[in-house]
Amino acid sequence: MKIHSFTVLPTTPQKLKPLLDIANNLWFSWNWDARQLFAKLDVKAWKNAGKNPLRTICDVSQQKLEEAARNKQYVAELEAVYSSFKKYLASKTWFDDQYGKRDKEQPLVAYFSAEYGLHESLPIYSGGLGVLSGDHLKSASDLGIPLIAIGIFYRQGYFRQSLDANGMQQEHYPENDWFTMPATQIKNNEGHPLILSMDIGGEEIFYQIWLVKVGRLDLYLLDTNLPMNSPSNKDITKRLYDSDRDMRIRQEIILGIGGIKALRALNIHPSVFHINEGHSAFLVLERLVHLMEEEKLDYNEAKEVVWATNLFTTHTPVPEGNERFHPNLVKKYLYNYAAQLKMTWNDFLALGRENRDNEDEEFCMTILGLNFSSMANGVSKLHGSISRQMWCNLYADIPVEEIPLGHVTNGVHTLTWISKWLEGLFIRYMQTAYVREIADFTFWKVVEEIPPAELWYAHLERKKGLIKFIREQVAIQRLKRGATASEVNKAEEILDPYALTIGFARRFAPYKRGDLIFRDVERLIKILTNEERPVQLVIAGKAHPADTSGKSIIKKIFDICNRPDLCRRIVFIEDYDLNVARYLVQGVDVWLNTPRRPMEASGTSGMKAAMNGILNISILDGWWDEAFDGNNGWAIGHGETYNNHSYQDEVEANLLYRLIENEVAPLYYERDEQNIPTRWVSMVKESIHICGENFNAHNMLTKYLQQYYTKGEQLHQILRENNYAWARQLANWRKNLKANWKEIKIVDVTIKSKETIHSGDELIVSAQINLGVITPTDVIVEVFYGLLNPHNKIEEPHRIKMQVDRTEGGITIFNTKISCNYGGRYGYLVRILPGHPHLAVEFIPELIKWEA
């Protein structure tokens, strides 16, 4: 039976037409007044539509739409919001002021990510990576950074979660109704959907492109759900993080290779390509092939361009979290790329291997990304350090601390996550005009001007809103599980708005230890049921469908939640999404995070909470390792790592209980004569100030811009001018350097100094070097020196470049002065690095020579 379909658009009254423009731009997701316009049409329809503006307009009756059009106050509010929206799109931006305007066809950055958490009405995300990507786009829009984004248009997205009567997680995959979502099909010049195709494993795969407007930015989503594709190929873009490895590699080929092809079809030519985690790393292959076939570069010349203009961001310090594929699977779908790149199959596999000679090693997407990205970063200071250690084998002879893998600590988009009430307090107490889209982070100090009582009562209102929401959700959960009317009604008795409330919400991966607080249930019961200082827990999160350990943790928590003596004190909220997250990070009192250090790359939920005045209790891992100052929350332990995980859990659970019993609860219940916890509010202010100023996404974007994006663009312009003349020259220079590097000899190193050296003295270091056929301008010669530790290693080394003094008989003499600013035992070495004015980074594996 064939069903014919057609689409009926809502008849929107003329005065309400601006609602359609607002609903079709994700700007509404960080504008509270805009979202309220849709809620005011019909609150029930708004909630039933999952707070989807377009779905709401479709579901509201024509009568209510006409009534709204006749309501002068509503129309005035709509006009005000629409005026703000149009002004936002048209106004000069921070980026324009700093760097000038650019052509839309030549954006600064193309940002690739497997998921985007922009709003619950666009369910193409699963968790932290997607939410980070969404916040990245929003802040880039606010600042006016010319960035476009590539992702996938999932038919089902990530699963929806429910728990059965036994507490076992159930996964549901409803089909997304794309016709009521803020996305439009890209059309060709004839007005038909633009259909592209590509070869994947000898089969032609067709895909289309959807456009999502994110403020000033464009997000392009790729979709293989087309009638000309086979059922299997239609499903490539069906589900986020499909556990089937065959499907997964095809999905990542579409994202990376298909994404590059889509940009060319759209005539968009970015300068820098930001690979956000390894899922899109296959894009390097298509970039190489295009440069070789269309620009007539050879492989090494093309690699210079790709390497100089790629930025790779790694998000996981957990080895299992780095995407790997079996060589046979890679060969099945990408064998033709080896031929196009003019390399053997083993050489192709080596692009994604740590040990190129290990034929059993799988193909790693992180390694592929790092090998072809001169710019790379982790997502917190600690994670950057861990990543350099984790991938040091890719950077032969380079000291771990100098491996060109830096860090930009994640941040969160303020207007998406900060409560409307707290934003209102900021506006009221600011001395200057409030501007939302700024890169000046000092305005967060305004929180010190807010009277403690006002800040406290604003928080209590959000907390009451959270508990009202939780009771509604629990009632729905119980109904779905077939509970009696009496059990459903008892949801109204859950939680006390005036009790200390601790929130925990994240993916239930075992290393995140969602059950650490339940390690000693009897001790926890005493904490929760303390008559003078009661405590309650709100928990949410999903386990990956294939993660049986994570599901077991959820069941354990579910069983405890349903104990008669605890059911009013502990609650598990099902189907954790952006909407649930907003309620939690704005409404609890304390945010709990218990990862096994150092497995949390960054973590951003704690940032959202801190920005809203929620105090963190956390292991010193990820972002909290650099944010905690002793006055803005609590640390569990002192940053220790353990080999015995059971012992670690025992120690850290006890530390957590002790913190709650002896510090957190007593401080929360300590009140002044006006019943205000003034010392608690003082910590809240510190938390808001520190987090808001240092861990917001605007701050993150300016760092990406200053450390990576502008650098990549400069190299892009240099390498491509005059038909890629510099790229060709650079490739030839590197080839010559590699061929002759072993001939370089550090013949002798001497130091001239006084007989007795005092702090503050300068010493002359001289090096005699045989460079062979390499010229002095091809290298950088340095003194690497500093104080020695008891293990005879240089701590906090200094680098001083040496200058050419003269050349005699094939030996080049280099000299420099070094300063000894402190007393102690010093060590020094001379080393040689490649030196070229257009080399992206000076640390290149196998091109570093140390004094023997």
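Scroll up a little and you will see the structure.
Worth saying up front: this structure is predicted, and the values here are computed from it rather than measured. (Residues numbered from 1 in each chain as written. Predicted model: local features only at pLDDT ≥ 70, side-chain atom pairs only at ≥ 80, totals over all residues. Heavy atoms only, no water.)

Taken in spatial order, the 6 strands make up an open sheet running S17-S16-S15-S18-S19-S20, and their pairing is parallel. Taken across any chain shown, the strands that pair with only one partner, and hence form the sheet edges, are strand S17 (570–573) and strand S20 (633–636). Neighbour to neighbour, the strand axes of the sheet diverge by 20° on average, direction disregarded. As paired strands, strand S15 (residues 500–505) and strand S16 (residues 535–540) are joined by 6 bridges and run parallel to one another. Note that in S16 the partner of Phe504 across the bridge is Ile539. Where helix H21 (residues 521–528) meets the sheet, it contacts S16 and S17, and its direction lies at approximately 120° from that of S16. Strands in contact with helix H22 (residues 548–561) are S16 and S17; relative to S17, the strand with the most contacts, it is inclined by about 135°. (Pairing = 2+ DSSP bridges. Helix = DSSP H or I, 4+ residues; strand = E, 2+ residues; numbered from the N terminus. Axes fitted to C-alpha atoms, helices over the stretch in contact; angles between N-to-C directions. Contact = heavy atoms within 4.5 Å.)

Two elements in contact, helix H10 (residues 245–265) and helix H13 (residues 327–340), have axes whose closest approach is 9 Å; the angle formed by their N-to-C orientations is 25°. The angle between the axes of H10 and H13 places the two elements in the roughly parallel class. Here the hand of the crossing between H10 and H13 comes out right-handed. Residues Arg245, Asp246, Ile249, Arg250, Ile253, Ile257 and Lys261 of H10 pack against Leu329, Val330, Lys332, Tyr333, Leu334 and Tyr337 of H13. Taken together, the residues of the contact of H10 with H13 sort by class into 8 nonpolar, no polar and 5 charged. (Parallel < 35°, antiparallel > 145°, perpendicular 65-115°, else oblique. Left-handed = near helix turned anticlockwise from the far one by under 90°. Nonpolar A, V, L, I, M, F, W, Y, C, P; charged D, E, K, R; others polar.)

Here Ser121 is to be found in the loop between strand S1 (109–112) and helix H8 (128–143). Among the polar contacts listed, one links the side chain of Ser121 to the side chain of His119, at a separation of 2.8 Å. Those residues in contact with Ser121 that lie beyond four places of it in its chain are Phe28, Lys51, Asn52, Pro53 and Met181. (Polar contact = N/O pair within 3.5 Å; in protein donor to acceptor, adjacent residues only side chain to side chain.)

A word on the nonpolar core. Formed by 181 residues in total, the largest nonpolar core has its most connected members in Ile22, Leu147, Phe282, Leu334, Phe348 and Tyr709. Here this core takes 14 residues from helix H28 (residues 697–740), the largest share from any one element. In this structure, Trp444, Leu528, Ile573 and Leu584 belong to the second largest nonpolar core, which totals 102 residues. (Core = buried A, V, L, I, M, F, W, Y, C linked by side-chain atoms within 4.5 Å. Buried < 20%, exposed > 50% of the residue type's maximum accessible area, 1.4 Å probe, protein only.)

In a beta sheet, neighbouring strands pair by backbone hydrogen bonds and run either parallel or antiparallel. If you walk across this open sheet you meet the 4 strands as S21-S22-S26-S25, and the pairing is antiparallel. Edge positions in the sheet fall to strand S21 (745–752) and strand S25 (803–808), since each has one partner strand and no second. The mean angle between the axes of side-by-side strands here comes to 20°, regardless of whether they run parallel or antiparallel. Where strand S22 (residues 762–770) and strand S26 (residues 811–819) come together, 8 bridges link them in antiparallel fashion. When the sheet's bridge partners are listed, Leu763 is paired in S26 with Ile818.

Using the criterion set out here, one finds 49 salt bridges in the structure. In this structure, Arg55 and Asp177 form a salt bridge, with 3.2 Å as the shortest nitrogen-oxygen distance. In this pair, Arg55 is assigned in helix H4 (residues 53–59) and Asp177 in the loop between strand S4 (169–172) and strand S5 (184–185), connecting sequence segments 122 residues apart. Asp177 sits in the partly exposed class, given a relative accessible area of 31%. Among the ionic contacts, a cluster of salt bridges with common partners joins Glu402, Glu782, Arg799, Arg831 and Glu842. (Salt bridge = Lys/Arg side-chain N within 4 Å of Asp/Glu carboxyl O.)

Shape is all these values report; function is a separate question.
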